[in-house]
Amino acid sequence: MSNRRVVLLLAAFVVGAVAIVASALALLPSGRGTVSNEVAIGGPFQLVDQNGNAVTQDSYLGRPTLVFFGFTHCPDICPTALFEMSQLFEALGPDARKATGVFITVDPERDTPEVMKSYLGSFHPSLQGLSGTPEQIAAVTRAYRAYAKKVPTQGGDYTMDHTAIVYLMDKNGRFVAPFNLKRPPEDAAAELRRYF
């Protein structure tokens, strides 16, 4: 193939590429609007706390909230996360009352308010346990884009597969980011104080 033929093919390719890009740009909306990359996490819910009181998302406005989905029969992930949250609240000292930790069950069949209250007795008092009907739990799980699935085990029992993220919600109830508890409690407390 001659050099002239290569140059002509290359020129035709460049012209075609420019035409495709120009066509694509013409299809874009005009104006200087911005495209948001925010994902809606959180939202309205109606649940019951470990004392039998009705709560909604508005119950936690005015202070940052750490939200964790789990269940009381969880063998390791849930108690570890709640222990780490407890250490964080201990590190906050008197400021612990300026934040809240929320443990939302993904197993409402077993995790009644009474069960949640007994279970949370081993952790910091700043942690609240929330339960509800299966429909209410499914709705809040969807709102937080969390995952939960019942998994049968031997003997007719079951366990729960679930998301193991700690969600940091600001004092206006907006999602900030996943919150890292895998660090010294003082460091986690220092970060949480930024949202008071």
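Here goes a summary of the coordinates provided. Along each chain, residues carry numbers from 1 onward, in the same order as the chain's sequence is written. Given that this is a predicted model, residues contribute local features only at a pLDDT of at least 70 and side-chain atom pairs are listed and counted only at 80 or more, while totals for whole chains, interfaces and linings are drawn from all residues. Side-chain measures were taken over the full set of non-hydrogen atoms in the model, leaving aside hydrogen atoms and water.

Once that is clear, we can look at helix 5 (residues 185–193). In an α-helix, one turn spans 3.6 residues, which is why side chains three or four residues apart end up on the same side. Remark: exposure states derive from per-residue accessible area (1.4 Å probe, protein chains only) relative to the maximum for the residue type, with buried under 20%, exposed over 50%, and partly exposed in between. Numbering goes from the N terminus for both helices and strands, where a helix is a DSSP run of H or I of at least four residues and a strand is a run of E of at least two. Taken residue by residue, helix 5 has A188, A189 and L192 as its buried positions. Taken end-on, helix 5 shows its buried residues confined to a sector of 100°, consistent with a single buried face. Working note: the arc is built from the helix axis to C-beta atom directions.

Strand order in the open sheet formed by seven strands is 2-1-5-4-3-8-9, with mixed pairing between adjacent strands. On the outer flanks of this sheet lie strand 2 (54–56) and strand 9 (175–178), each paired with one strand and no other. Across this sheet, the average inter-strand angle for adjacent strands is 35°, counted without regard to direction. Two strands make a pair as long as DSSP finds a minimum of two bridges between them. Relative to strand 9, strand 8 (residues 166–169) is paired through three bridges, and the arrangement is antiparallel. The residue of strand 9 that forms the bridge with M169 is F175. Running over the sheet, helix 2 (residues 77–92) touches strand 3 (65–70), strand 4 (100–105), strand 5 (127–131) and strand 8 and is turned about 165° from strand 3. Structural elements are reduced to axes, namely lines fitted to C-alpha atoms, with helices fitted over the stretch in contact, and the angle between N-to-C directions of any two is expressed from 0 to 180 degrees. Here, two residues are considered to be in contact whenever any of their heavy atoms come within 4.5 Å of each other.

With that out of the way, let us pick up unusual backbone geometry. Look at R145: it is not a glycine, yet its phi comes out positive at around 55°. Of note, R145 is situated in the loop between helix 4 (134–143) and strand 6 (148–152).

Side chains of a nonpolar character, in soluble globular proteins, are inclined to be buried together. In these notes, a set of buried Ala, Val, Leu, Ile, Met, Phe, Trp, Tyr and Cys residues joined through side-chain atoms within 4.5 Å is what counts as a nonpolar core. With 47 residues, the main nonpolar core has F69, L88, I104, Y144 and F179 as its most contacted residues. Residue contributions to this core peak at seven residues, all from helix 2. Setting aside residues up to four positions removed in sequence, F179 forms contacts with L66, L88, V166, L168, A188, E191 and L192.

Let us look at the packing of aromatic side chains. Think of it this way: a Phe, Tyr or Trp ring, Trp meaning its six-membered ring, pairs with another when their centres are within 6.5 Å, and the plane angle makes it stacked under 30 degrees, edge-to-face over 60, tilted otherwise. Within the structure shown, the criterion is met by seven aromatic pairs. When the ring of F69 is compared with that of Y167, the centres are 6.0 Å apart and the planes differ by 80°; the resulting orientation is edge-to-face. Taken together, the positions of F69 in strand 3 and Y167 in strand 8 put the pair 98 residues apart, joining distant regions of the chain. The exposure classification of F69 matches that of Y167, with both residues buried. When the centroid spacing of 5.7 Å and the interplanar angle of 55° are considered together, the rings of Y119 and F123 count as tilted.

For strand 5, the tally of buried residues reaches four of five residues, placing the bulk of the element in the interior. The definition of a right-handed crossover adopted here requires that, viewed with the strands pointing away, the path from the first strand over the helix to the second runs clockwise. For the crossover from strand 4 across helix 3 (residues 113–120) to strand 5, the handedness is right-handed.

Opposite charge on two side chains permits pairing when their charged atoms draw close. Any carboxyl oxygen of Asp or Glu within 4 Å of a side-chain nitrogen of Lys or Arg constitutes a salt bridge here. Applying the stated criterion to the full structure yields eight salt bridges. The partner of E84 in a salt bridge is K182, with the nearest N and O atoms 2.8 Å apart. Of this pair, E84 sits in helix 2 while K182 sits in the loop between strand 9 and helix 5, placing them 98 residues apart in sequence. Using a relative accessible area of 16% as the deciding quantity, one classes E84 as buried. For K182, a relative accessible area of 59% corresponds to the exposed category. Put simply, R110 and D107 hold a salt bridge, and the shortest N to O gap is 2.5 Å. Accessibility classification places R110 together with D107 in one group, the buried group. When salt bridges with common partners are traced through the structure, they connect D95, K98 and R193 into a single cluster.

With that out of the way, let us pick up the environment of F83. If you trace the backbone, F83 turns up in helix 2. Relative accessible area serves as the criterion here: at 47%, F83 is assigned to the partly exposed category. Put simply, F83 and F123 are 40 residues apart on the chain and 6.5 Å apart in space, counted from C-alpha to C-alpha.

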